[in-house]
Amino acid sequence: MTEDNEDFLDEEFLDINNSIDIDEENKGLYEHFNITVDPKQEPLRIDKFLMIFRQNSSRNKISQTCRAGNVVVNGNPVKQNYKVKPGDQISVLLAHPPRENVIIPQDIPINIVYEDDDLVVVDKDPGMVVHPGFGNWDGTLVNALAFHFQKNGEKSDLDRVGLVHRIDKDTSGLLVIAKTEYALSFLAKQFFDRKTRRLYWAFVWGNVQGDEGTITGHIGRHPKNRMQMYTYADGSQGKHAVTHYKVLERFKYMTWVECKLETGRTHQIRAHFKHIGHTLFNDERYEGNVALRGVNLPKYKSFIKNVFEVLPRHALHAHTLGFIHPTTKKELYFESPMPKDMADAVKKWRNYLEN
């Protein structure tokens, strides 16, 4: 028996018949692995069979993974009572909650726009880290959700805080969090297959050419600045990435664009727009926190300083989120209005151009 096992979004993995290119947006939230059943294997229920390889996964988790259609044998989804046979090709997508052992519930205000027994949708404020990690062990969205579940009498351990996707600390907007094993598996498959409806709003420096466009270029770690991602247009390094955009409003020296991601690489929008000469407005990590477009006049410099003060972070917002509900199988669709800091920046730009 052979096993091909890699963390989802870490590297590319081999599917049963194809080489699959993996998104990096949600690194560490899923695990995908393939198994070829040994020729001497005796018939065994697949839930018991998989527990041999994933001893840290409960039988219920594997059962719910099967129910969500995330266990595929010879190209077809199977139920948990399927009996494996010699030579079977098994492909599994396991969604799991964050791996840290201790999440401290904290009474932190969060904007919940929808909640039921299966999931919760949050409109995240800029500046909030999604999950505890190095340098941010508390004050995160997961800490706030743990408190929210506890307050409502729900189980508040990690099994109830299932991250399906995430966005950067300084990016605002919509996130969905699963509350059950089945919901986590069902939603994970949609994000994995890129079947969700998500649009981002961004402010970028300069006057973007054309009303619509597509940016294509491999994205990988920057060769000199390890804090940045870099676009390798020749495909020599990194992974294939595609960003579609549409111009929503022009401010002469800044453009408001709507972005749709065909892939989900780390910092994809930020790296792609920097590559075409339109770095995100006030994106400190990508050197967008200085006046990259405009005129060399004291009045203009003072104006840009004022805009930075009302919008003290990179101008990126997860505007829409649509997905199929795990229980009702109906589509849920949400739109997040422009956050106050970005709206205030728009007002300032409009006033500046009018005057």
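None of the values given here were measured: they were computed from a predicted structure.

A few points about the pairing of strand β11 (residues 119-124)
Extensive coverage of β11 is indicated by the burial of 6 of its 6 residues. Burial along β11 is two-sided: L119, V121 and D123 facing one way and V120, V122 and K124 facing the other are all buried. The antiparallel pairing of strand β10 (residues 111-115) with β11 creates a hairpin that spans 3 residues between the two strands. Pairing of β11 with strand β13 (residues 172-178) involves 6 bridges; the strand directions are antiparallel. Looking at β13, one finds that K124 is bridged to G173.

Things to note about unusual backbone geometry
Of note, the phi angle at N74 is positive, near 55 degrees, even though the residue is not glycine. As for its placement among the helices and strands, N74 is situated in the loop between β6 (71-73) and β7 (76-77). One non-glycine residue, E287, adopts positive backbone phi at about 60 degrees. Positionally, E287 belongs in the loop between α5 (268-275) and α6 (298-310). The exposure class of E287 is partly exposed, given its relative accessible area of 38%.

A short note on the packing of helix α1 (residues 46-53) against helix α2 (residues 59-67)
Put simply, α1 and α2 touch, their axes get as near as 9 Å, and they point 120 degrees apart. Between α1 and α2, the crossing angle belongs to the class labelled oblique. Like other packed secondary-structure pairs, α1 and α2 cross with a definite hand, here right-handed. Together, I46, D47, K48, L50 and M51 of α1 and R59, I62 and C66 of α2 make up the contact between the two elements. Of the residues that constitute the contact of α1 with α2, the class distribution is 5 nonpolar, no polar and 3 charged.

Here we look at the pairing of strand β9 (residues 89-95)
Of all 7 residues in β9, 6 are buried, a share of seventy percent or more. Relative to β9, β6 runs antiparallel, the two sharing 3 bridges. From the neighbouring strand, V73 faces β9, where its bridge partner is I90.

As for the packing of aromatic side chains
Under the definition given, this model contains 18 aromatic pairs. Relative to F186, the ring of Y182 lies with its centre 5.8 Å away and its plane at 45 degrees, an arrangement referred to as tilted. On the criterion of helical spacing, the pair formed by Y182 and F186 is a turn pair, its members being 4 residues apart in helix α4 (residues 181-192). A residue is classified by how much of its surface remains accessible, and Y182, at 7% relative accessible area, is buried. With relative accessibility at 14%, the residue F186 sits in the buried group. Seen in terms of ring centroids, W349 and Y352 are 6.3 Å apart; in terms of plane orientation they differ by 80 degrees. Their pairing is edge-to-face. Of this pair, W349 and Y352 both sit in helix α7 (residues 340-354), separated by 3 residues, roughly a single helical turn.

Rules used in this analysis
- Residues numbered from 1 in each chain as written.
- Predicted model: local features only at pLDDT ≥ 70, side-chain atom pairs only at ≥ 80, totals over all residues.
- Heavy atoms only, no water.
- Buried < 20%, exposed > 50% of the residue type's maximum accessible area, 1.4 Å probe, protein only.
- Helix = DSSP H or I, 4+ residues; strand = E, 2+ residues; numbered from the N terminus.
- Pairing = 2+ DSSP bridges.
- Axes fitted to C-alpha atoms, helices over the stretch in contact; angles between N-to-C directions.
- Parallel < 35°, antiparallel > 145°, perpendicular 65-115°, else oblique.
- Left-handed = near helix turned anticlockwise from the far one by under 90°.
- Contact = heavy atoms within 4.5 Å.
- Nonpolar A, V, L, I, M, F, W, Y, C, P; charged D, E, K, R; others polar.
- Phe/Tyr/Trp six-rings, centres within 6.5 Å; stacked < 30°, edge-to-face > 60°.

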